[in-house]
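Overview (structure and organization)
Chain by chain, the residues:
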Amino acid sequence: MKVLNFGSLNIDYSFEVDHLVKPGETESSSAFLVTCGGKGLNQSVALKRAGVDVYHAGAIGKKDGKLLIDALLKESIDISYVTKVNSNSGSAFIQVDKNGENCIVLNGGANKLIDEEMVDYVLSNFDKKDIIILQNEISSLPYIINKAHKKGMEIVFNPSPINPECLSYPLEKVSIFFVNKKEAEYLASSSTDVLENLKAKYPKSKFVITDGSKESIYFNGKEVMKQKSLCIKPVDTTGAGDTFLGYFLSSYIRGDKNPLYRASVASALACLKRGAKISIPRLGEVEEKILEIEEKN
Ligand code: RIB
(Lines give C-alpha, C1' and ligand atoms only; values in the text may rest on other atoms or scores of the structure.)
Protein backbone atom coordinates (compact mmCIF):
# COMPACT_ATOMS: atom_id res chain seq x y z
CA MET A 1 0.00 0.00 0.00
CA LYS A 2 1.43 3.39 -1.06
CA VAL A 3 0.53 6.84 0.32
CA LEU A 4 0.17 9.73 -2.12
CA ASN A 5 -0.41 13.31 -1.03
CA PHE A 6 -1.66 15.36 -4.00
CA GLY A 7 -1.36 18.67 -2.26
CA SER A 8 -0.47 22.33 -2.06
CA LEU A 9 3.02 23.75 -1.62
CA ASN A 10 3.22 27.35 -0.37
CA ILE A 11 5.82 29.85 0.65
CA ASP A 12 4.54 31.16 4.00
CA TYR A 13 5.14 34.83 4.89
CA SER A 14 4.33 34.93 8.56
CA PHE A 15 3.91 38.16 10.55
CA GLU A 16 3.83 38.17 14.35
CA VAL A 17 1.33 40.84 15.44
CA ASP A 18 -0.27 42.07 18.65
CA HIS A 19 -3.78 41.47 17.29
CA LEU A 20 -5.21 40.34 13.94
CA VAL A 21 -5.47 43.47 11.83
CA LYS A 22 -8.92 45.12 11.56
CA PRO A 23 -10.45 46.67 8.38
CA GLY A 24 -8.72 49.95 7.54
CA GLU A 25 -5.97 49.41 10.12
CA THR A 26 -2.21 49.21 9.53
CA GLU A 27 -0.14 47.40 12.11
CA SER A 28 3.59 46.79 12.47
CA SER A 29 4.75 43.22 13.06
CA SER A 30 7.17 42.34 15.84
CA ALA A 31 8.71 39.43 13.89
CA PHE A 32 8.68 38.13 10.33
CA LEU A 33 9.37 34.62 9.06
CA VAL A 34 9.56 33.16 5.54
CA THR A 35 9.12 29.39 5.64
CA CYS A 36 7.82 26.46 3.63
CA GLY A 37 4.18 25.57 4.13
CA GLY A 38 0.95 24.79 2.36
CA LYS A 39 -1.44 22.28 3.84
CA GLY A 40 -0.15 19.68 1.40
CA LEU A 41 3.52 20.11 2.21
CA ASN A 42 2.87 20.30 5.96
CA GLN A 43 0.82 17.10 5.88
CA SER A 44 3.49 15.23 3.91
CA VAL A 45 6.11 16.36 6.42
CA ALA A 46 3.90 15.33 9.36
CA LEU A 47 3.31 11.90 7.80
CA LYS A 48 7.01 11.39 7.18
CA ARG A 49 8.02 12.58 10.65
CA ALA A 50 5.42 10.17 12.05
CA GLY A 51 7.12 7.34 10.16
CA VAL A 52 5.08 7.00 6.93
CA ASP A 53 6.76 6.98 3.50
CA VAL A 54 4.90 9.43 1.30
CA TYR A 55 4.86 10.47 -2.35
CA HIS A 56 4.10 14.16 -2.77
CA ALA A 57 2.44 15.32 -6.00
CA GLY A 58 1.90 18.99 -6.75
CA ALA A 59 3.11 22.04 -8.64
CA ILE A 60 5.67 24.76 -7.87
CA GLY A 61 6.95 27.82 -9.70
CA LYS A 62 9.98 27.35 -11.97
CA LYS A 63 11.71 30.42 -10.54
CA ASP A 64 10.83 30.40 -6.84
CA GLY A 65 10.04 26.75 -6.05
CA LYS A 66 13.52 25.48 -5.14
CA LEU A 67 13.10 25.98 -1.40
CA LEU A 68 9.89 23.91 -1.46
CA ILE A 69 11.60 21.04 -3.30
CA ASP A 70 14.58 21.27 -0.92
CA ALA A 71 12.26 21.11 2.08
CA LEU A 72 10.63 17.91 0.80
CA LEU A 73 13.99 16.35 -0.10
CA LYS A 74 15.38 17.17 3.34
CA GLU A 75 12.58 15.06 4.82
CA SER A 76 13.24 12.21 2.31
CA ILE A 77 9.80 12.68 0.77
CA ASP A 78 9.47 11.35 -2.80
CA ILE A 79 9.20 14.31 -5.19
CA SER A 80 8.92 12.40 -8.50
CA TYR A 81 5.44 13.87 -9.00
CA VAL A 82 6.17 17.52 -8.20
CA THR A 83 5.98 19.53 -11.44
CA LYS A 84 7.60 22.91 -12.18
CA VAL A 85 5.26 25.34 -13.96
CA ASN A 86 5.47 28.86 -15.42
CA SER A 87 3.97 30.72 -12.48
CA ASN A 88 4.82 31.79 -8.97
CA SER A 89 4.66 29.11 -6.33
CA GLY A 90 1.65 29.29 -4.03
CA SER A 91 1.98 31.71 -1.14
CA ALA A 92 0.33 32.43 2.16
CA PHE A 93 0.31 35.69 4.13
CA ILE A 94 -0.16 34.77 7.74
CA GLN A 95 -0.78 36.94 10.79
CA VAL A 96 -0.18 35.31 14.17
CA ASP A 97 -1.42 37.20 17.23
CA LYS A 98 -0.18 37.14 20.83
CA ASN A 99 -2.56 34.24 21.66
CA GLY A 100 -1.16 32.12 18.84
CA GLU A 101 -4.30 32.53 16.71
CA ASN A 102 -3.83 33.15 13.02
CA CYS A 103 -5.55 34.36 9.89
CA ILE A 104 -4.31 33.54 6.40
CA VAL A 105 -4.60 35.03 2.91
CA LEU A 106 -3.69 32.58 0.14
CA ASN A 107 -2.47 33.00 -3.38
CA GLY A 108 -2.89 29.70 -5.20
CA GLY A 109 -0.19 30.30 -7.85
CA ALA A 110 1.22 27.01 -9.18
CA ASN A 111 -1.16 24.98 -6.97
CA LYS A 112 -4.01 26.14 -9.21
CA LEU A 113 -2.29 25.00 -12.42
CA ILE A 114 -2.67 21.29 -11.75
CA ASP A 115 -4.47 19.97 -14.81
CA GLU A 116 -6.04 16.68 -15.91
CA GLU A 117 -2.93 15.61 -17.83
CA MET A 118 -0.80 15.89 -14.67
CA VAL A 119 -3.43 14.02 -12.68
CA ASP A 120 -3.59 11.19 -15.24
CA TYR A 121 0.18 10.81 -15.16
CA VAL A 122 0.45 10.81 -11.37
CA LEU A 123 -2.47 8.45 -10.77
CA SER A 124 -1.25 6.00 -13.41
CA ASN A 125 1.46 5.12 -10.87
CA PHE A 126 -0.98 4.26 -8.07
CA ASP A 127 -3.48 1.53 -7.58
CA LYS A 128 -6.36 -0.06 -5.67
CA LYS A 129 -6.04 0.27 -1.87
CA ASP A 130 -3.35 2.99 -2.09
CA ILE A 131 -4.22 6.06 -0.01
CA ILE A 132 -4.58 9.52 -1.57
CA ILE A 133 -4.65 12.65 0.61
CA LEU A 134 -6.17 15.89 -0.66
CA GLN A 135 -6.79 19.40 0.68
CA ASN A 136 -8.84 22.22 -0.86
CA GLU A 137 -5.87 24.28 -2.08
CA ILE A 138 -5.24 22.82 -5.56
CA SER A 139 -7.12 22.77 -8.87
CA SER A 140 -8.77 19.75 -10.59
CA LEU A 141 -10.04 18.29 -7.30
CA PRO A 142 -13.32 16.83 -8.66
CA TYR A 143 -11.34 15.14 -11.44
CA ILE A 144 -8.79 13.74 -8.96
CA ILE A 145 -11.53 12.44 -6.62
CA ASN A 146 -13.44 10.73 -9.46
CA LYS A 147 -10.33 9.19 -10.95
CA ALA A 148 -8.88 8.00 -7.62
CA HIS A 149 -12.25 6.50 -6.67
CA LYS A 150 -12.49 4.67 -10.00
CA LYS A 151 -9.09 3.13 -9.29
CA GLY A 152 -10.29 1.96 -5.86
CA MET A 153 -7.97 4.24 -3.89
CA GLU A 154 -8.85 5.27 -0.33
CA ILE A 155 -9.55 9.02 -0.46
CA VAL A 156 -8.68 11.20 2.54
CA PHE A 157 -9.99 14.74 2.15
CA ASN A 158 -9.25 17.79 4.28
CA PRO A 159 -11.67 20.35 2.72
CA SER A 160 -9.68 23.29 3.98
CA PRO A 161 -10.04 26.18 3.30
CA ILE A 162 -13.70 25.31 2.90
CA ASN A 163 -15.76 27.23 0.33
CA PRO A 164 -19.09 26.86 -1.53
CA GLU A 165 -17.37 25.25 -4.55
CA CYS A 166 -16.19 22.42 -2.35
CA LEU A 167 -19.78 21.31 -1.72
CA SER A 168 -20.19 20.57 -5.44
CA TYR A 169 -17.31 18.04 -5.46
CA PRO A 170 -18.17 14.31 -5.57
CA LEU A 171 -17.72 14.12 -1.79
CA GLU A 172 -19.72 10.90 -1.44
CA LYS A 173 -16.54 9.21 -2.77
CA VAL A 174 -14.43 10.39 0.17
CA SER A 175 -13.38 7.65 2.62
CA ILE A 176 -12.18 9.87 5.47
CA PHE A 177 -13.00 13.54 6.03
CA PHE A 178 -10.65 15.63 8.17
CA VAL A 179 -12.42 18.77 9.37
CA ASN A 180 -12.26 21.27 12.18
CA LYS A 181 -15.48 22.19 13.99
CA LYS A 182 -16.33 25.10 11.68
CA GLU A 183 -15.67 23.05 8.53
CA ALA A 184 -17.76 20.19 9.92
CA GLU A 185 -20.70 22.56 10.45
CA TYR A 186 -20.28 23.99 6.96
CA LEU A 187 -20.18 20.53 5.41
CA ALA A 188 -23.17 19.38 7.46
CA SER A 189 -25.06 22.65 6.67
CA SER A 190 -25.96 22.77 10.35
CA SER A 191 -24.45 23.78 13.69
CA THR A 192 -26.42 21.21 15.67
CA ASP A 193 -26.18 17.39 15.54
CA VAL A 194 -23.23 17.90 13.23
CA LEU A 195 -21.88 14.36 13.22
CA GLU A 196 -25.36 12.87 12.76
CA ASN A 197 -25.96 15.19 9.81
CA LEU A 198 -22.60 14.31 8.28
CA LYS A 199 -23.27 10.58 8.67
CA ALA A 200 -26.65 11.00 6.94
CA LYS A 201 -25.13 13.07 4.11
CA TYR A 202 -22.07 10.85 3.53
CA PRO A 203 -23.10 7.39 4.78
CA LYS A 204 -19.99 5.60 3.47
CA SER A 205 -17.47 7.98 5.07
CA LYS A 206 -15.44 8.16 8.26
CA PHE A 207 -14.94 11.52 10.01
CA VAL A 208 -12.21 13.11 12.07
CA ILE A 209 -13.39 16.36 13.67
CA THR A 210 -10.97 18.56 15.60
CA ASP A 211 -12.15 21.22 18.02
CA GLY A 212 -8.92 23.11 18.83
CA SER A 213 -8.07 23.25 22.52
CA LYS A 214 -11.15 21.21 23.46
CA GLU A 215 -11.20 17.75 21.88
CA SER A 216 -11.08 15.63 18.74
CA ILE A 217 -13.63 13.08 17.57
CA TYR A 218 -13.28 10.08 15.24
CA PHE A 219 -16.22 8.23 13.72
CA ASN A 220 -14.78 5.06 12.17
CA GLY A 221 -17.96 3.97 10.39
CA LYS A 222 -19.23 2.09 13.46
CA GLU A 223 -18.33 3.85 16.68
CA VAL A 224 -17.37 7.31 17.89
CA MET A 225 -14.09 7.89 19.76
CA LYS A 226 -13.24 11.07 21.63
CA GLN A 227 -9.92 12.50 22.79
CA LYS A 228 -9.42 15.54 25.03
CA SER A 229 -6.86 18.07 23.76
CA LEU A 230 -3.71 18.68 25.80
CA CYS A 231 -3.76 21.79 27.95
CA ILE A 232 -1.12 24.15 26.51
CA LYS A 233 -0.49 27.86 25.97
CA PRO A 234 -0.18 28.14 22.16
CA VAL A 235 2.52 30.25 20.54
CA ASP A 236 1.34 29.66 16.97
CA THR A 237 -1.45 27.30 15.87
CA THR A 238 -0.46 27.41 12.15
CA GLY A 239 0.04 23.86 10.88
CA ALA A 240 -1.40 22.19 14.01
CA GLY A 241 -4.28 20.68 11.99
CA ASP A 242 -1.84 19.40 9.37
CA THR A 243 0.27 17.81 12.10
CA PHE A 244 -2.86 16.18 13.50
CA LEU A 245 -3.75 14.71 10.11
CA GLY A 246 -0.27 13.29 9.50
CA TYR A 247 0.01 11.67 12.92
CA PHE A 248 -3.57 10.42 12.86
CA LEU A 249 -3.03 8.71 9.50
CA SER A 250 0.20 7.10 10.67
CA SER A 251 -1.72 5.54 13.60
CA TYR A 252 -4.65 4.64 11.33
CA ILE A 253 -2.36 2.87 8.84
CA ARG A 254 -0.68 0.97 11.69
CA GLY A 255 -4.09 -0.04 13.03
CA ASP A 256 -3.72 1.67 16.45
CA LYS A 257 -6.74 1.25 18.72
CA ASN A 258 -7.08 4.99 19.37
CA PRO A 259 -5.55 6.91 16.43
CA LEU A 260 -6.56 10.23 18.03
CA TYR A 261 -4.13 10.04 20.93
CA ARG A 262 -0.72 10.47 19.28
CA ALA A 263 -2.23 12.97 16.85
CA SER A 264 -3.53 15.17 19.66
CA VAL A 265 -0.16 15.11 21.44
CA ALA A 266 1.70 15.90 18.19
CA SER A 267 -0.61 18.79 17.27
CA ALA A 268 -0.31 20.29 20.77
CA LEU A 269 3.50 20.21 20.40
CA ALA A 270 3.17 21.90 16.98
CA CYS A 271 1.42 24.86 18.68
CA LEU A 272 4.43 25.54 20.91
CA LYS A 273 6.72 26.76 18.09
CA ARG A 274 6.41 29.51 15.48
CA GLY A 275 5.78 28.56 11.83
CA ALA A 276 4.00 25.69 10.09
CA LYS A 277 6.37 23.05 8.71
CA ILE A 278 9.15 23.91 11.13
CA SER A 279 6.88 23.40 14.13
CA ILE A 280 5.88 19.81 13.23
CA PRO A 281 7.37 17.52 15.89
CA ARG A 282 9.42 14.43 15.11
CA LEU A 283 8.21 11.04 16.31
CA GLY A 284 10.84 10.95 19.08
CA GLU A 285 9.57 14.22 20.58
CA VAL A 286 5.98 12.97 20.49
CA GLU A 287 6.90 9.70 22.17
CA GLU A 288 8.91 11.54 24.81
CA LYS A 289 5.89 13.75 25.57
CA ILE A 290 3.63 10.68 25.80
CA LEU A 291 6.04 9.11 28.32
CA GLU A 292 6.07 12.35 30.32
CA ILE A 293 2.24 12.37 30.42
CA GLU A 294 2.10 8.71 31.42
CA GLU A 295 4.65 9.23 34.21
CA LYS A 296 2.56 12.09 35.63
CA ASN A 297 -0.63 9.99 35.68
O1 RIB B 1 -2.42 24.83 7.55
C2 RIB B 1 -1.43 25.82 7.52
C3 RIB B 1 -1.10 26.20 6.11
O4 RIB B 1 -2.24 26.81 5.52
C5 RIB B 1 0.01 27.20 5.96
O6 RIB B 1 1.28 26.60 5.89
C7 RIB B 1 -0.39 27.97 4.71
O8 RIB B 1 0.47 27.81 3.64
C9 RIB B 1 -1.81 27.53 4.39
O10 RIB B 1 -1.86 26.66 3.34
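See the structure shown above.
Below, the structure is looked at part by part.

Parameters and conventions
- Residues numbered from 1 in each chain as written.
- Predicted model: local features only at pLDDT ≥ 70, side-chain atom pairs only at ≥ 80, totals over all residues.
- Heavy atoms only, no water.
- Helix = DSSP H or I, 4+ residues; strand = E, 2+ residues; numbered from the N terminus.
- Contact = heavy atoms within 4.5 Å.
- Buried < 20%, exposed > 50% of the residue type's maximum accessible area, 1.4 Å probe, protein only.
- Pairing = 2+ DSSP bridges.
- Axes fitted to C-alpha atoms, helices over the stretch in contact; angles between N-to-C directions.
- Near = heavy atom within 4 Å.
- Polar contact = N/O pair within 3.5 Å; in protein donor to acceptor, adjacent residues only side chain to side chain.

Some details on the environment of Ile77
In this structure, Ile77 sits in the loop between helix 2 (66–74) and strand 5 (78–85). Along the primary structure Ile77 and Leu47 are separated by 30 residues, whereas in three dimensions their C-alpha atoms are 9.6 Å apart. Residues in contact with Ile77, not counting those within four places in the same chain, are Ser44, Val45, Lys48, Val54, His56 and Leu72.

Some thoughts on helix 1 (residues 39–49)
Because an α-helix packs 3.6 residues into every turn, residues spaced three or four apart end up facing the same way. The element helix 1 is extensively covered by neighbouring structure, given that 11 of its 11 residues are classed as buried. Among all positions of helix 1, only Lys39, Gly40, Leu41, Asn42, Gln43, Ser44, Val45, Ala46, Leu47, Lys48 and Arg49 are buried. One or two residues past the end of helix 1 sits Gly51, with phi positive at roughly 105 degrees.

Structural notes on the sheet that holds strand 6 (residues 90–96)
In space, the four strands of this open sheet follow the order 3-2-6-7, with mixed pairing throughout. Only two strands of the sheet have a single neighbouring strand rather than two, namely strand 3 (31–37) and strand 7 (102–107). For this sheet, the mean inter-axis angle between neighbouring strands, taken without regard to orientation, is 20 degrees. Two elements, strand 6 and strand 7, share six bridges in a ladder whose sense is antiparallel. When the bridges of strand 7 are listed, Gln95 appears paired with Cys103.

What to know about the site of the ligand
The environment of the ligand is formed by 14 residues, the closest being Asp12, Gly38, Lys39, Glu137 and Asp242. Within the side chain of Asn10, one N or O atom sits 3.0 Å away from an oxygen atom of the ligand. One nitrogen or oxygen atom from the side chain of Asp242 is found 2.7 Å from an oxygen atom belonging to the ligand. For the shell around the ligand, the elements supplying multiple residues, two or more each, are strand 2 (10–16), helix 1 and strand 7.

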